[in-house]
Amino acid sequence: MSTLLLDRADLEVRLDGAALAMYVNERRVQTVPVSLLERVVIQGARTRLDSSVLLKLAEAGITTIFVGPRAGRRIAIMLGPAHNEAGIRLAQAIRTADAPFCHAWARQLMLQKLRRQYRLLAKIEQCRPDRRKPLWDARRSIAEALAQVETEPAIEASRLLGLEGSAARAYFAGLSAVFAAELKFTGRNRRPPRDPVNVCLSLGYTLIHFEAVRAAHAAGLDPLLGFYHRPSFGRESLASDLIEPLRPAVDEWVWRSFADGVFRADQFSQDKGACLLGKAGRGHFYARWETFARMPRRWLRRRCRWLARDLRTEGNHWLESAHDDDVEF
């Protein structure tokens with residue numbers, strides 16, 4: 001086990017030495033050694049636990065994400081001990097003001113994302129030849145945006161954002177053509193998501209963003225300091241950068257989950273304009289997610305290590321020497 005999901009109203013989690021003990025109505029039902037965990041997902045505000053559990057998780061370097069009961073929205077992340085490599089973060093902060101670096105970084109992200117969107121629609125078209133026309137139209141729009149990004153090495157960020165937006169509209173228009181009509185998926189919507197497909201997309205993006213924050217933190221990077229998504233109050237902009245090429249992978253996973261019948265319309269409900277994933281559906285979601293998430297987690301760890309390695313070289317010369325404090329007065 002690497003991920004522990006806590007998602008039931010009558011559950012209490014207690015610390016038992018080096019393990020977490022699960023109780024339901026005062027009856028012990030399960031024990032999980034902390035050493036087996038990498039992350040904990042707490043869904044909603046119904047599970048009971050005290051600060052000793054959170055302290056143990058933090059000391060062990062286990063990242064905890066708190067997900068709201070509605071629409072799978074992330075409420076908070078609790079990370080483990082802080083990283084000590086100040087040189088990496090110094091260089092990262094300096095790079096946010098380096099326009100050529102930021103443009104090159106952003107362009108590379110968009111090339112990866114657009115190519116993966118195009119390939120996914122082509123793959124779906126092979127499975128759904130009956131929807132060839134809307135899928136072909138979407139691929140043509142993405143190809144046009146991709147050609148412009150490929151032929152303009154010095155493309156400005158504002159233009160890149162515009163191309164990304166137009167490609168996204170075409171992409172989701174094509175994607176919406178292959179979902180069952182009963183799901184009422186006509187394109188991307190959120191805050192709150194209004195249909196089952198968007199519920200799963202939003203929760204998937206939330207979880208992959210969480211993994212990006214976790215990977216950045218582990219590598220000594222500052223998740224707040226991005227290069228394409230500019231630093232902004234309360235936003236983990238680097239994590240937002242990192243997940244852009246991974247979004248099509250989440251989209252494919254959601255499509256296949258509905259196509260395979262793992263996710264069904266009867267697992268969702270409507271409440272005040274918001275679509276909600278029921279408890280049974282969440283169980284299927286998280287169980288299937290664990291298998292899918294192995295690849296993007298590896299990709300994020302590798303990408304963060306590469307970036308941290310390059311930044312460490314640039315930033316270490318800004319650090320104070322260990323002997324600089326050895327001054328006699």
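The shown structure was predicted, so the numbers you read here are calculated from the model rather than taken from an experiment.

Colleague: Is there a simple way to think about the confidence of the model for the protein in this case?
Modeller: On average, the protein scores 87 in pLDDT, and the residues at 70 or more come to 92%. No element of the protein has a lower mean pLDDT than strand β8 (residues 74-78), at 72, and none a higher one than helix α8 (residues 247-259), at 96.

Colleague: Please explain unusual backbone geometry as it appears in this structure.
Modeller: For residues that are not glycine, phi is negative in most cases, and the peptide bond is trans in most cases. Cis geometry is adopted by the peptide bond preceding Pro192, which originates at Arg191 and carries an omega value of -5°. Looking at where Pro192 falls in the secondary structure, it is placed in the loop between α5 (157-176) and α6 (196-218). With a phi angle near 55°, Asn25 is a residue other than glycine that sits in the positive phi range. Non-glycine residue Glu26 carries a positive phi angle of around 70°. Structurally, Glu26 can be placed in the loop between β3 (19-24) and β4 (27-33). Overall, the relative accessible area of 56% leaves Glu26 in the exposed class.

Colleague: Help me understand the pattern of salt bridges, please; the structure alone is not making it clear to me.
Modeller: The full count for this structure, using the stated rule, is 24 salt bridges. Glu12 is paired through a salt bridge with Arg14; the nearest N and O atoms lie 3.3 Å apart. What makes Arg14 partly exposed here is its relative accessible area of 28%. Here Lys113 and Glu244 are joined by a salt bridge, their closest N and O atoms 2.7 Å apart. Placement of Lys113 in helix α3 (residues 99-127) and of Glu244 in the loop between α7 (237-243) and α8 is noted, with a sequence separation of 131 residues between them. Where salt bridges share partners, they join Glu38, Arg39, Glu211, Glu290 and Arg297 into one cluster.

How each quantity is defined
- Residues numbered from 1 in each chain as written.
- Predicted model: local features only at pLDDT ≥ 70, side-chain atom pairs only at ≥ 80, totals over all residues.
- Heavy atoms only, no water.
- pLDDT = per-residue confidence, 0-100.
- Helix = DSSP H or I, 4+ residues; strand = E, 2+ residues; numbered from the N terminus.
- Buried < 20%, exposed > 50% of the residue type's maximum accessible area, 1.4 Å probe, protein only.
- Salt bridge = Lys/Arg side-chain N within 4 Å of Asp/Glu carboxyl O.

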